[in-house]
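Spelled out, the chains give:
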Amino acid sequence: MGTKRKAMSSDNGKKMQSDNGKKMQKKSETSKTTKTKHKQSSDNNGTDNEFKLVGALAVRAREASLKMQTASAQHRNAALVRIHTALSRNENRAAIIEANKLDLDAAVQNNLSPQLIKRLDLSSKDKFDSMIQGVKDIADMPDPVGRNDLATKLDDDLELFRVSCPIGVILIIFEARPEVVVNIAALTIKSGNAVILKGGKEAQHSNAILAKIISDAISDDCGNVGKDAVLLVESRTAIDVLLGMDKQIDLVIPRGSNQLVRHVQGNTRIPVLGHADGICTTYLDETLDEEKAIRIIIDAKTTAPSACNSTETLLIHKFHLETPFFITLLTRLAVANISLRIDPEIISAFPVITATIPTVTAATPEDFDTEFLDTILAVRAVASVDDAISHINLHGSHHTDAIVTASQDAADTFLRGVDSADVFWNASTRFADGFRFGFGAEIGVSTNKTHARGPVGVEGLMIYKYRLHGNGHCTADYGEGVGRKSYKHDALDIDSKRFQL
Ligand SMILES: NC(=O)C1=CN([C@@H]2O[C@H](COP(=O)(O)OP(=O)(O)OC[C@H]3O[C@@H](n4cnc5c(N)ncnc54)[C@H](OP(=O)(O)O)[C@@H]3O)[C@@H](O)[C@H]2O)C=CC1
Ligand SMILES: N[C@@H](CCC(=O)OP(=O)(O)O)C(=O)O
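As named in an unreviewed UniProt entry, the protein is glutamate-5-semialdehyde dehydrogenase, taken from Physocladia obscura. Per UniProt, the protein carries the Function (unreviewed entry) text "Catalyzes the NADPH dependent reduction of L-gamma-glutamyl 5-phosphate into L-glutamate 5-semialdehyde and phosphate. The product spontaneously undergoes cyclization to form 1-pyrroline-5-carboxylate."

Printed below as a string of structure tokens:
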């Protein structure tokens, strides 16, 4: 790409010199992996310096997150409004588009695919406007912090509450999609978390300017929301260091390929919320509305072929193979520029397919385990909804899968049986998205089973704490075993907003 990549944006780098940061960094514990890597490169002053700077940056994020624990909703929303205003300013918009152009030019020079260039491109007014509108929408949402969802009277004057709170410092690694910087910054500020961002290298100029504008927009009138609430790193070396900082970072969210998620899981003691690949399937059941089915599969394959929620495999009930609908379906998909890779058994049983659509090729077994990230669709027939479920649970990636059927029973069986974060009935897999779910934006689509699954909005960035309010109560007063005094354990009315600031 020509431009030398740095560990973090220069603006962030300047602030790394804080003495406090250095002191705390000494105390921070690093994992074996990081120590080994550090030792290997100890003869390299540049790398050593990068290690120190990244370590100090994590400490700053921790300090910012501790302050944010007590930031009021008013101050968190004020920060979002200021960010929205800053991103809307003409001069900032121009600077972002200029930086984005550098990334786009490099992408063209490096022969990136049209899909990846589209992902990188911020120049469309609609895309830019919806990116900044998302910040305002999130500011307008109800406050997720301090919500009370359990209230029990253990005894007179002894009351227990479960209250939502931020997780702390979150490290998020994601693909070369610059608007994600803004989406994630908005969601993490709203939820009272500090975040360290690492976007794809192809978007480095766009990411750097967006992160700088966001951080600069946060000012003194944002109370306990500090500028270090949103920090950026730019290299994989920085990620290696941060994965060792389990004292400073509470959660890592790798959003990208399966290899990325596995790499992170294998190299850190920090809890990982994996947002991995999407080998998504759409299953066309025996009874269905044919036109709906065709529209859904074309939408699921062509609206954003490289997106994780795009359909990769089409399963079709074998009943359809001998009907005119099958050829109509395949023809419409081919006309929509979808390359069809069909199970060789179907091709040899129905030579009319290749006679009608010469571009069809025979699928290999691997095609049914592949995320094409392109306008390619693997097609296979199944004998029943149960067979479809078995295929998906074996070959899918537990992201998003859909059934198209007119049968409520078949839909219920599918929606219960498929072990994925999102299971849809008569709808495109592309609906798997935080914005479309009404979360304002998304961190990504979690393929983890704990603690958050599917599109992650602010709710997925919260944990809870138990608050116990007593009046000099001691456990000894209640005794142990036979004869102990029993607790009341009476449910109290839940006032969900009781602890909000
Ligand atoms: N579930 C979800 O929410 C989403 C999933 N995806 C999935 O992401 C994939 C496409 O994105 P793509 O950019 O190709 O994904 P990659 O996994 O190649 O890259 C994503 C990010 O991870 C970084 N990365 C990759 N490997 C490592 C490593 N070993 N150490 C440190 N950092 C690493 C990249 O850094 P670098 O820039 O240095 O390469 C980049 O920042 C698809 O599989 C898609 O389904 C995409 C969006 C959302
Ligand atoms: N969830 C969003 C974005 C999907 C996504 O992240 O796609 P990509 O970066 O192309 O893998 C959507 O449905 O548009």
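Colleague: Explain empty space enclosed by the protein here, please?
Modeller: Inspection of every chain in the model, using the stated rule, returns 1 cavity of 30 Å³ or more. Estimated volume of the largest cavity: approximately 50 Å³. The wall of the largest cavity is formed by Gly199, Gly200, Lys201, Gln204, Asn207, Leu232, Val233 and Glu234.

Colleague: Any chance you could explain the UniProt feature "domain: Aldehyde dehydrogenase" (unreviewed entry) in the protein here in plain terms?
Modeller: The UniProt entry lists residues 58-321 under the feature "domain: Aldehyde dehydrogenase" (unreviewed entry), expressed in the numbering used here. From the first C-alpha to the last, residues 58-321 spans 57 Å; its make-up is 48% helix and 17% strand.

Colleague: Which parts of the structure should I look at to understand the site of ligand 1?
Modeller: As a structural note, the neighbourhood of ligand 1 is formed by 24 residues, with Phe174, Lys201, Ser257, Glu371 and Val445 the closest of them. Within the backbone of Ala276, a nitrogen or oxygen atom sits 2.8 Å from a nitrogen atom of ligand 1. Between ligand 1 and Val445, the relevant distance is 2.6 Å, taken from an oxygen atom to a main-chain nitrogen or oxygen of the residue. Here the residues of the shell around ligand 1 sort into 6 nonpolar, 9 polar and 9 charged.

Colleague: Please clarify how the sheet that holds strand S1 (residues 148-155) should be interpreted in this entry.
Modeller: In sheet architecture, strand pairing relies on hydrogen bonds along the backbone and comes in two forms, parallel and antiparallel. Here 4 strands make up an open sheet; going across it, the order is S16-S2-S1-S17 and the pairing antiparallel. Single-partner strands in this sheet number two, and they are strand S16 (462-469) and strand S17 (490-491). In this structure, S1 lies alongside S17, joined through 2 bridges in antiparallel fashion. Residue pairing for S17: Thr152 is matched across the bridge by Ala491.

Colleague: Looking at this structure, how should I read a nonpolar patch on the surface?
Modeller: Taken together, the side chains of Ile463, Tyr464 and Tyr466 make up a nonpolar region of the molecular surface, amounting to roughly 320 Å² of accessible area. As for its position among the elements, Tyr466 is in strand S16.

The rules behind each value
Residues numbered from 1 in each chain as written. Chains lettered and ligands numbered in written order. Predicted model: local features only at pLDDT ≥ 70, side-chain atom pairs only at ≥ 80, totals over all residues. Heavy atoms only, no water. UniProt positions renumbered as here; feature names shortened; annotations may be inferred. 1 Å grid on protein atoms, 1.4 Å probe; cavity = no way out; pocket = protein on both sides within 12 Å on 5 of 7 lines; lining within 4 Å. Points joined across faces, edges and corners; volume = space filled by probe spheres on them. Helix = DSSP H or I, 4+ residues; strand = E, 2+ residues; numbered from the N terminus. Near = heavy atom within 4 Å. Polar contact = N/O pair within 3.5 Å; in protein donor to acceptor, adjacent residues only side chain to side chain. Nonpolar A, V, L, I, M, F, W, Y, C, P; charged D, E, K, R; others polar. Pairing = 2+ DSSP bridges. Patch = residues over 30% accessible without salt bridge, like charges linked within 9 Å, V, L, I, M, F, W, Y side chains within 5 Å. Areas by Shrake-Rupley, 256 points an atom, 1.4 Å probe, with all protein chains shown as cover. Salt bridge = Lys/Arg side-chain N within 4 Å of Asp/Glu carboxyl O.

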